[in-house]
Amino acid sequence: MLVALLAVSTATADDRGGPLGVTVAGRDARVGVLVPAAGGRHFCTASVVEAPHRDLIVTAAHCLGGDGGLVFVPGYRDGRAPYGEWKVRRRFLARGWTEGRHEDSDVGFAAVAPRGGEEVQDAVGGNRFVTGTVPGATAVTVTGYPNARDTAVSCTAEPHALSRTQQRIACPGFSGGTSGSPWVNGDGQVVGVLGGHDQGGTTPGVSYSVVLGAEAQRLYGQAAGDP
């Protein structure tokens, strides 16, 4: 298990990416890693999204498979958890993923348990989850944690449509472990989640996301309404 530092009540400001298409060191308290509850290395990225119960994270559906427990560590850096470790208590996956592993359904949510009476969104903030945006309508900043690093990377670029249901972005350095990374536009809205086609991509220079639509909106409604 990770060595946790004392949690703080407010998040520091995030660092946006550098020039378009350039990957730099990233830092955003709302973005963190998923780690097996039994211990081990981080393996996927997730981020906090705004929800009525203030307990919700979004990631790729393929990051939430298996029966083992998971822990979310926002703002993870160099083996430390500056905002604490948050146990995943419930996972939400679309039927298209659970029944067929369909790449157009590769988005998932998880509710995390409070720590000391505080919800994760109160500790670090959250971005708004938005569906129905057109790929390429605006540049987005992608922030994620490669398996080989203990710090995040970040890149700002313009996404482009791969198909009606999938979008792509060219950012170097987004290798294994960055699945689940949020694509955040300039209004602080999550308009993509790294995953989808080829579970997010087979090369570190090009990444993919589901075009967030009606299925993602229904899934968010289910997750956000969970008591």
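Residues numbered from 1 in each chain as written. Predicted model: local features only at pLDDT ≥ 70, side-chain atom pairs only at ≥ 80, totals over all residues. Heavy atoms only, no water.

Peer 1: What's the story with the packing of aromatic side chains in this structure? I'm lost.
Peer 2: Given two aromatic rings, one states the distance between the centres and the angle between the planes to describe the pair. Counted according to the given criterion, the structure contains four aromatic pairs. By way of ring pairs, the aromatic residues F109, F129 and Y220 are connected into one cluster. Taking NZ or CZ as reference, R115 lies 5.4 Å from the ring centre of W86, over its face. (Phe/Tyr/Trp six-rings, centres within 6.5 Å; stacked < 30°, edge-to-face > 60°. Lys NZ or Arg CZ within 6 Å of the ring centre and 35° of its normal.)

Peer 1: Would you explain the pairing of strand β4 (residues 44–49) in this entry?
Peer 2: In summary, the side chains of a regular strand alternate between the two faces of the sheet. Burial analysis of β4 places six of its six residues in the buried class, the great majority of the element. What you see with β4 is no split at all: C44, A46 and V48 on one side and T45, S47 and V49 on the other are buried throughout. As judged from the four bridges shared by strand β3 (residues 31–36) and β4, these two strands associate in the antiparallel manner. For V31, the partnering residue across the bridge sits in β4 and is S47. Looking at chain direction, β4 and strand β5 (residues 56–59) are connected through three bridges and run antiparallel. In the sheet register, S47 faces β5, and the bridge partner there is V58. In this structure, the hairpin formed by β4 and β5 is closed by a connection of six residues, where R54 is found at a positive phi of approximately 60°. (Buried < 20%, exposed > 50% of the residue type's maximum accessible area, 1.4 Å probe, protein only. Helix = DSSP H or I, 4+ residues; strand = E, 2+ residues; numbered from the N terminus. Pairing = 2+ DSSP bridges.)

Peer 1: What am I meant to see in the confidence of the model for the chain here?
Peer 2: Looking at the chain, the pLDDT average stands at 91 and 92% of residues meet or exceed 70. Ignoring residues within four places in sequence, the model shows residues 1–14, a span with pLDDT below 50, making 43 contacts including any to other chains. (pLDDT = per-residue confidence, 0-100. Contact = heavy atoms within 4.5 Å.)

Peer 1: What exactly am I supposed to notice about the pattern of salt bridges here?
Peer 2: Close approach of charged atoms allows side chains of opposite charge to pair. Evaluated as defined, the whole model comprises five salt bridges. With a shortest N-O distance of 2.5 Å, D122 and R54 are connected by a salt bridge. Taken together, the positions of D122 in helix α2 (residues 120–124) and R54 in the loop between β4 and β5 put the pair 68 residues apart, joining distant regions of the chain. For D122, a relative accessible area of 35% translates into the label partly exposed. On the basis of relative accessibility, which here comes to 33%, the residue R54 falls in the partly exposed class. Note that E99 and R95 form a salt bridge whose closest N and O atoms lie 3.7 Å from each other. Residue E99 and its partner R95 are located together in helix α1 (residues 95–100), separated by four residues, close to a single helical turn. No difference in accessibility class separates E99 from R95, as the two residues are exposed. (Salt bridge = Lys/Arg side-chain N within 4 Å of Asp/Glu carboxyl O.)

Peer 1: I'm lost on the sheet that holds strand β10 (residues 128–129) in this one. Help?
Peer 2: Read from one edge of the open sheet, six strands run β2-β12-β11-β15-β16-β10, paired in mixed fashion. Of all the strands in the sheet, just β2 (23–26) and β10 have a single pairing partner and so form its edges. As judged from the five bridges shared by strand β11 (residues 140–144) and strand β12 (residues 152–157), these two strands associate in the antiparallel manner. Along β12, the bridge assignment pairs T143 with S154.

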